[in-house]
Amino acid sequence: MNFLIVGLGNIGKEYVDTRHNIGFMVADELANQAGASWSTLKHAYYTEYKQRGHNVYVIKPTTYMNLSGKAVNYWMQQLKVPIENVLVIVDDLAIPFGSLRVKPKGSAAGHNGLKSIEALCGGQNYPRLRFGIGDNYAKGRQVDYVLGPFDKEELRELPALIEHAVKMVNSFINIGIELTMTNLNTK
């Protein structure tokens, strides 16, 4: 069985280690733990590895967040991965920092990367791992917050949260979304 894991983020030095790039950070750790290295291919940084008989393909779109659907659609078609085996790792303002939730489907909730995936990949019926970044910003400062770095306290907690996210991705691949939701979703 084939799985496509998509870490959402933006390319460029100015976006490294920002809240909006948490999908890239999780994808990097996933590849690191698998001993896989990245290649720059069409629309994405790409790597692959085998896990318990499954082919796992991981991408970090190079299309920038707002055009993520272009990369996801291309790689889904190229690798012949069904939408239910695509897991998108995304930052989420609507849940508190430290909360990690896998869902089988859902709305874009204003997230431009998810809107692009919905538009180009056939709607909202794809799994996603929502990584809570909280909403601790002043009115009108959402963009600065999302594109800003994690604060000192968050940085202390980040390695354990990324590790938990990797555990969730591996669980999704090995035992499916329902059991992953039951066993590993956090508040």
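About the thresholds
- Residues numbered from 1 in each chain as written.
- Predicted model: local features only at pLDDT ≥ 70, side-chain atom pairs only at ≥ 80, totals over all residues.
- Heavy atoms only, no water.
- Core = buried A, V, L, I, M, F, W, Y, C linked by side-chain atoms within 4.5 Å.
- Buried < 20%, exposed > 50% of the residue type's maximum accessible area, 1.4 Å probe, protein only.
- Helix = DSSP H or I, 4+ residues; strand = E, 2+ residues; numbered from the N terminus.
- Axes fitted to C-alpha atoms, helices over the stretch in contact; angles between N-to-C directions.
- Left-handed = near helix turned anticlockwise from the far one by under 90°.
- Contact = heavy atoms within 4.5 Å.
- Nonpolar A, V, L, I, M, F, W, Y, C, P; charged D, E, K, R; others polar.
- Salt bridge = Lys/Arg side-chain N within 4 Å of Asp/Glu carboxyl O.

By size, the foremost hydrophobic cluster in this structure holds 34 residues, and its most contacted members are Ile5, Ile22, Val26, Leu129, Phe131, Leu158 and Val169. Looking at this core element by element, the count peaks at 9 residues for helix α5 (residues 152-175). Counting 22 residues, the second-largest nonpolar core is a separate cluster that includes Ile59, Met76, Val86 and Cys121.

Further remarks concern the packing of α5 against helix α6 (residues 177-184). Relative orientation of the contacting elements α5 and α6 amounts to 145°, with a least axis distance of 7 Å. Two packed elements cross with a definite hand, and for α5 against α6 that hand is right-handed. Where α5 abuts α6, its residues His164, Lys167, Met168, Ser171, Phe172 and Ile175 lie against Ile177, Leu179, Thr180, Asn183 and Leu184. When grouped by side-chain class, the residues that make up the contact of α5 with α6 number 6 nonpolar, 4 polar and 1 charged.

It is worth spelling out the pattern of salt bridges at this point. All chains considered together, the criterion is met by 4 salt bridges. Put simply, Lys60 and Asp28 hold a salt bridge, and the shortest N to O gap is 2.6 Å. Here Lys60 is found in strand β4 (residues 54-61), whereas its partner Asp28 is found in helix α1 (residues 22-34), with 32 residues between them in sequence. Relative accessible area serves as the criterion here: at 8%, Lys60 is assigned to the buried category. One salt bridge in this structure joins Arg141 and Asp144, with 2.2 Å as the shortest N-O distance. You can call Arg141 partly exposed: its relative accessible area is 44%.

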